[in-house]
Every structure is written in structure tokens, then in C-alpha cells.
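# Residue-level structure breakdown
Residue-level listing of the chains:
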Amino acid sequence: MKISIIDIGSNTIKLVIYDVKKDSSFIGIHQDSSKIRLGESLAYSDKLNEQSILKSIDVLLLYRDIARFECVNKVICVGTSAVREAKNGKFFLDQVFKKTGLRVRVLTGQEEAYYSYLGASISTCIPNGLYFDLGGGSLELVYTEDFKVKKAQALPLGALRLTRTFANQDGSFSKKDCDNMSQKIVDTLPTKKSYGIGIDTLLVGVGGTLRALGRYDQMRAGFPFEKIHNYRLTLGAIDSMRQEFSYLKPNEISSMGSIDSTRVETIVAGIHVIYSIMKKFDFEDLIISGHSIREGILASFIQNSNTLENHNVQNLEKENLKVLSYHCHKHDISHFGLDDMIHDMIYYGLLKEREAEILSYALYTLSKLPETNKYYSLFYRILDEDYPSLTYREQVILALSIIHSKKIRAAQELFYRNNQLLKQQNLKSIQKIAILLNLARLIIKTGSEIRIRLRENQNMIFTIIPTQKLFPSILLKQIIEKASGIFDIPIQCDIPNKINRIKKPNNKIISINPQI
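What this report covers is the structure whose coordinates are included nearby. If you're wondering where the values come from, they're calculated on a predicted model, not measured in any experiment.

Right, let's talk about the overall build of the protein for a bit. The secondary structure content of the protein amounts to 20 helices and 14 strands. With the C-alpha coordinates aligned to their principal axes, the bounding extent of the protein is approximately 85 × 45 × 45 Å. Taking all 516 residues of the protein together, the buried fraction comes to 55%. Long-range pairs, those at least 24 residues apart, make up 71% of the contacts in the protein between residues at least 6 apart in sequence. Taking the average location of the 68 positive side-chain charges in the protein and that of its 55 negative ones, the two points are 4 Å from each other.

Now the structure itself:
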């Protein structure tokens, strides 16, 4: 099934077409973005100007045709702060429907905040967070504890709005302009105390300006991958970019060739908003989410197709919790029947909790990937996936563990190619996870049971209870021999002659919940 989301923002109109699977997962298969600056006139007027309305309709006609050409089953079109605040917003909506046939659902500020949070949260799975979405016309803030929304609001601090209010005619800022803008931002932002933010709260941000800054930071740091989701920006990096860009003209920023052309005019205002958030709420770093309002709307729609017709925010919050429950627990390994093995490995000190976390993602990934001997392609394919609770280093470890379980030499070569992100001690984790992957695959494929116990002489006994006569015992012994060397402990394998024909129900479920 294909679903298209059209997002009419203050600065840009965006189209994303998603392929939605039967298991409710989805992937973007087409994307377009057009810089229209629909909300530009709201800095000095209370109406959308005629030129931007006509440009918007032309873009929406194009997006409508693209959706039809791609055989999209459902088109969802939403408007945010520019349409919401303009006095002639209804006129705009009527003209859009008359010319394109598209019905635009205008989100309230609180709905916009909720959907932005949901999109970012399903891809990061951070229970205690301050989420912000920096758009052209507004800034959405959502504070959560244990995935429950405690505060949600939209503030008039969009990057385009601030640029049109404080910048000179050529788009540049003087020191006085920046000081006045920063003061406006700080005065408008709520206080940390009013939100009751806890010490374990993480800052998560979305929006085109933030993604542009993340890419620029990756470029100057020589980051080896072109992936922005889950990338971390420090306060020092934001401050450095603030000092570098603040007094440059848009054409000077554009000539650097490192900032997207749709962002050069608003990048300075955006930096000052992000810097002010981090300073006022005492955050030393932030996590960039590559998913935002469009993914939030889609995930909510998949859960309940009437979600956009429901104006009750309390019901929307309940729907959000259902969506988060699915997306943040689909990587649990309880259905593989290996919880006891993983728990015992941690208990006996053979596996760290973060290694177990990566192992759980690796098992889930292997269950979804097709069989292949194209190991280098497989490595980069895994890196392209989004894993909510893993850092970039941990995602590389995950990918290398899977490759190591299939071809050791390929994994070793890839390890040294990516040593900028890895530490030497990470190689041990990769080896441990890889050997456990091979053991787990054998247990799962044969439908066997495994029990682990530690003898008084510190020897480890792995007891495998097979459910079939033709059990690959030689293959198992080879895995166990390798495991003895990797875990630095004598490991013996016991395979009883008795076949366990009746599988016992697994009543003990230990979910490894995502945490950063």
C-alpha cells in the first residue's frame, strides 16, 4: 500500500510517498521539496500574499500528479503554522480544493507538536526527552516522561519568521540584529523549571535547518557516512557554527557549498534558536532525528485511519502510546525463545548489557534480511537502516557482527576501514556477538533448547536439547570451540541422547528495552 503525505509549511511544501508493509512498517520511496515561503508575508502582514498562494497551488498540482502517477492509495495533505495563522487561510484552502481537489487538514499548534514528537520518537525510542521541531513559522516543543507527554506547545520562533523580522534586506544580520533576535528567543522560550525537566532527559531535534547543520558538522569533522539520523551535535559545535555563520550574507553562505540552498537564508536564525534551547535548558548535546511530523502522521494514520478527523488531543495521546509501543518494542527478542540464554550470558559476565542490546537488533535484522554472499553490500545496507537506540558506533558494531558471523575476513577488512568510529576493544564485542549469532541461528533453525550453567571449576556447560534426530552436532561443536577462545573461558557442549519432542512453553520473558 502506498500513502503520500503532503506537508504545507511556512518555508517549504514537501511530498513524501511511503510504501507501507503488512506489519505496519514503512519506508519512503519518493520525496520532493519546493521552497515557496508561503508564510513569508506573515512577518509584516496577517495574510498570505497572492503570489505565494499561486506558487503553492502550482506545486500541489504537481504533487497531485506525482501521486497519481505512482499509484498512491491515499493522499494526506496537512497545513501548519502559516495556513493556521493567516486571516485568509480559509480562502487559501478553498482555492487549493477548487484547483487541485486536495483537502488540506490544518493542524492546531498542539497537534503539530504531538505529530512531530511521534515521528521523532518512533525512530529514537527515548522515553524521557525534550523534543523540538524547528520549522519556518513555528517551533514545537514536547516534553515527555516515560513516553507520556507532559508539556506540548507551539511557539512563534520559526526560522523564516525570525529571519524576516530581524534580518536586513540583503538577508544578513548585524551584531545588534543577532542580539535582539537572541533576546526575543530567550524571552519566548519557557523555563527549564516550568517544564520540570529531569536529569535523565535527552534533547531530540528535527527540522531541515537542524539536518543542514548536522551535515555541515559531519563534513568538517570528516564523518565517514552520509547519514544524519541519530547523529549527535554538541553545544560546542552549535556555538562554533553560530560564530561562523552569524554575520555572513546568504550568498556568502551559499558560496561555501556546504549548506542546502533552501536553508541558506534561514540558517542563522535557526542556529540561534537551537543554541538558545540548549543553553536555556542546560543541554550539552542533542540527537538529530531524521523523522518528524510526516512520519508521525503516517504512523498514527496506520494505527487509526480516523486519527486526523479526531480533534481530541487526549485521544491523540492515547493513539501515540499505542504507536510507540509497537515501534519501540518490535526489536525485542522474546519471540526467538533465547531470553534465558541472553540473561544467563549477562549474569555470568560473558556479555555486557549493551552487547546484548546489539545482539537483539542483529537477530531481528537477520530475520528480515534475504540470504546473500555480497557481504560489503550487506554491510552498507545494514548501516542504512534506522535503529532507535543505537549510536553510530553501535550500529557499525551490529553490521560488522553480522558480517563476521558469515565471513570473518570481510568483517576484519571492514573493521579497519571504519576505525575512525571504532575502538580496538570493539573488535572483541563484534567477535562475541558474531559467535552468539551463529549459535542462536543453529538453535532457532533446529527448534532446540539451550541451557547454560557454570561449574565450580569455572567451566561453562552449554546443554543443547534437540528436537530432531538429524541434529548438526559437528557444526555445534565447531561453534563452541570458537566460543571458548572468544570468551576466554573453557566451554563444553552437552547434547543429551534423549530428543525433546514436546516444546515447553517459554513463560519467562525478558524484554531488552531500547535505551540510549
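What follows is about the sheet that holds strand 3 (residues 26–35). What the 5 strands build is an open sheet, ordered 3-2-1-4-5; its pairing is mixed. The outermost strands of the open sheet, each flanked by one partner alone, are strand 3 and strand 5 (104–106). Averaged over all pairs of adjacent strands, the angle between strand axes in this sheet comes to 20 degrees, irrespective of strand direction. For strand 1 (residues 2–8) and strand 2 (residues 12–20), the ladder comprises 7 bridges, and the chain directions are antiparallel. By the bridge assignment for strand 2, serine 4 is matched with isoleucine 17.

When helix 14 (residues 339–347) is considered as a whole, its buried residues turn out to be Asp339, Met341, Ile342, Asp344 and Met345. As for helix 14, its buried residues are in contact with helix 15 (353–368), helix 19 (426–446), strand 12 (449–454), strand 13 (460–465) and helix 20 (473–487). The positive-phi residue at the C-terminal boundary of helix 14 is glycine 349, with phi of around 75 degrees.

Backbone hydrogen bonds are what pair the strands of a sheet, in a parallel or an antiparallel way. The strand order across the open sheet formed by 6 strands is 8-7-6-9-11-10, and the pairing between neighbours is mixed. Each edge of the open sheet carries a strand with a single partner, namely strand 8 (148–155) and strand 10 (232–234). The average angle at which neighbouring strand axes cross in this sheet is 25 degrees, direction not considered. Bridging between strand 6 (residues 129–134) and strand 9 (residues 202–206) involves 5 bridges; their strand directions are parallel. Bridged to glycine 129 within strand 9 is leucine 202.

As judged from the 6 bridges shared by strand 1 and strand 4 (residues 74–79), these two strands associate in the parallel manner. If you follow isoleucine 5 over to strand 4, its bridge partner there is isoleucine 76. Relative to strand 5, strand 4 runs parallel, the two being bridged by 3 bridges. Across the sheet, the residue bridging to glycine 79 is valine 106, located in strand 5.

This structure, assessed with the given rule, holds 26 salt bridges. When the shortest N-O distance is used, the salt bridge between glutamate 70 and lysine 2 registers 3.9 Å. Of the two residues, glutamate 70 sits in the loop between helix 1 (50–69) and strand 4 while lysine 2 sits in strand 1, which places them 68 residues apart along the sequence. Judged by relative accessible area, glutamate 70 falls into the partly exposed class, the value being 25%. Overall, the relative accessible area of 23% leaves lysine 2 in the partly exposed class.

As a further point, take the packing of helix 15 against helix 19. Packing of helix 15 against helix 19 leaves a shortest axis separation of 10 Å and a crossing angle of 45 degrees. Compared by their axis directions, helix 15 and helix 19 come out oblique. In the crossing of helix 15 with helix 19, the sense of the turn from one axis to the other is right-handed. The residues of helix 19 that touch helix 15, namely those facing Glu355, Ile358, Leu359, Ala362, Leu363 and Leu366, are Ser429, Lys432, Ile433, Leu436, Leu437, Ala440, Arg441 and Ile444.

Moving on, we get to the packing of helix 9 (residues 235–245) against helix 11 (residues 267–280). The relative placement of two packed helices is expressed as an angle between their axes plus a distance between the axes. Axis separation between helix 9 and helix 11 bottoms out at 10 Å; the angle between their running directions is 145 degrees. The element helix 9 and its partner helix 11 pack so that their crossing is left-handed. Contact residues: Leu235, Ile238, Asp239, Met241, Arg242 and Phe245 in helix 9; Val268, Ile271, His272, Ile274, Tyr275, Met278 and Lys279 in helix 11. Of the residues belonging to the contact of helix 9 with helix 11, the class tally is 9 nonpolar, 1 polar and 3 charged.

With 15 residues, helix 20 should cover 21 Å at 1.5 Å per step; its first-to-last C-alpha distance of 21 Å lies within 8% of that length. The inward-facing, buried residues of helix 20 contact helix 14, helix 19, strand 13 and strand 14 (491–494). Two residues or fewer past helix 20, aspartate 488 is found with a positive phi of approximately 55 degrees.

Parameters and conventions
- Residues numbered from 1 in each chain as written.
- Predicted model: local features only at pLDDT ≥ 70, side-chain atom pairs only at ≥ 80, totals over all residues.
- Heavy atoms only, no water.
- Helix = DSSP H or I, 4+ residues; strand = E, 2+ residues; numbered from the N terminus.
- Buried < 20%, exposed > 50% of the residue type's maximum accessible area, 1.4 Å probe, protein only.
- Contact = heavy atoms within 4.5 Å.
- Lys, Arg positive; Asp, Glu negative; His and termini not counted.
- Charge placed at Lys NZ, Arg CZ, Asp CG, Glu CD.
- Pairing = 2+ DSSP bridges.
- Axes fitted to C-alpha atoms, helices over the stretch in contact; angles between N-to-C directions.
- Salt bridge = Lys/Arg side-chain N within 4 Å of Asp/Glu carboxyl O.
- Parallel < 35°, antiparallel > 145°, perpendicular 65-115°, else oblique.
- Left-handed = near helix turned anticlockwise from the far one by under 90°.
- Nonpolar A, V, L, I, M, F, W, Y, C, P; charged D, E, K, R; others polar.
- Expected span 1.5 Å × (residues − 1).

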